[in-house]
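Chains, contacts and geometry: an overview
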Amino acid sequence: MPPKPTLDMDMAEFRHMRSLMIKVQDKAREIKHLQDKVLPQLKQQIADTKGLFKGKERKALEVKIKETEAEISDRLDKIPDTLKEDGYPDVQVFMRTFGEMESVVEQYNRDLAEWEYQVSRKPTAAKEQYRPPEKQSVLKHLREIQERNRQKPPQRQRKKSFERDSR
């Protein structure tokens, strides 16, 4: 039976890093939404507001655009701060460390799955090795007996005498 694989790192630390990664990805998704959806919609609205009496609307939309751009830059600045709170100097170091830890955990999971497969398969292989001999067909057995009887010379049979008093 092969030895069970072991993990050479702290799983609690990996779980913490994974939760940090999810948090950072959520923040990045929000920024992406602001950049790809909200900002172009506001710019489209400003382009659609034409006329002499739409100056107030245009000014309000320009203020919203500036606020959105400021919010995007603030959120971009806060992502590294989130990681620095947990002791990582910058995003690249965190991503490199997380990638290495993730590859180690994935390799461990593959090794563990292979080990479980080998362990679960071992008893069936042992059963096949110690399988009882297969039953032979009755007709085959009868033919073998007939062959043996034909090869042996016939033996004389003696008559048994029965004594009437022995009973």
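Above this text you will find the structure in question.
Report follows, based on the coordinates. Note that residues are indexed from 1 along each chain, following the sequence as it is written. Local features in a predicted model are, by the rule used here, given only for residues with pLDDT of at least 70; side-chain atom pairs are given and counted only at 80 or more, and totals for whole chains, interfaces and linings are based on all residues. Note that water and hydrogens are dropped before the side-chain values are worked out from all heavy atoms of the structure.

Let us look at the pattern of salt bridges. Salt bridge criterion: a side-chain nitrogen from Lys or Arg within 4 Å of a carboxyl oxygen from Asp or Glu. Evaluation of the coordinates by the stated rule reveals 4 salt bridges. Note that R29 and D26 form a salt bridge whose closest N and O atoms lie 2.8 Å from each other. Taken together, the residues span about one helical turn, with R29 and D26 both in helix α1 (residues 11-48) at a distance of 3 residues. For D26, a relative accessible area of 34% corresponds to the partly exposed category. R75 is the partner of E71 in a salt bridge, and the nearest nitrogen-oxygen pair spans 2.9 Å. On the criterion of helical spacing, the pair formed by E71 and R75 is a turn pair, its members being 4 residues apart in helix α2 (residues 55-85). Take R75: its relative accessible area is 27%, and that puts it in the partly exposed class. Within the structure, one salt-bridge network assembled from shared partners comprises E30, E71 and R75. Strands here mean DSSP runs of E at least two residues long; helices mean DSSP runs of H or I at least four residues long; both are numbered from the N terminus. For every residue, the accessible area obtained with a 1.4 Å probe (protein chains only) is divided by the maximum for its type, and the residue is called buried under 20%, exposed over 50%, and partly exposed between those limits.

What follows covers α2. Expected span of a helix: the number of residues minus one, times 1.5 Å. Taking 1.5 Å per residue as the helical rise, α2 with its 31 residues ought to reach 45 Å, and the 45 Å between its terminal C-alpha atoms agrees with that figure. Phi for G87, located one or two positions after α2, is positive at around 100°.

Time to look at the nonpolar core. M17, L83, Y88 and F94 are the most contacted members of the largest nonpolar core, which has 19 residues in total. The leading source of residues in this core is α1, at 9 residues. With residues up to four places along the chain from it excluded, the contact list for Y88 reads E13, M17, L20, L83 and F94. The set of buried Ala, Val, Leu, Ile, Met, Phe, Trp, Tyr and Cys residues whose side-chain atoms join them within 4.5 Å is what this entry labels a nonpolar core. Contacts: residue pairs with any heavy atoms within 4.5 Å of one another.

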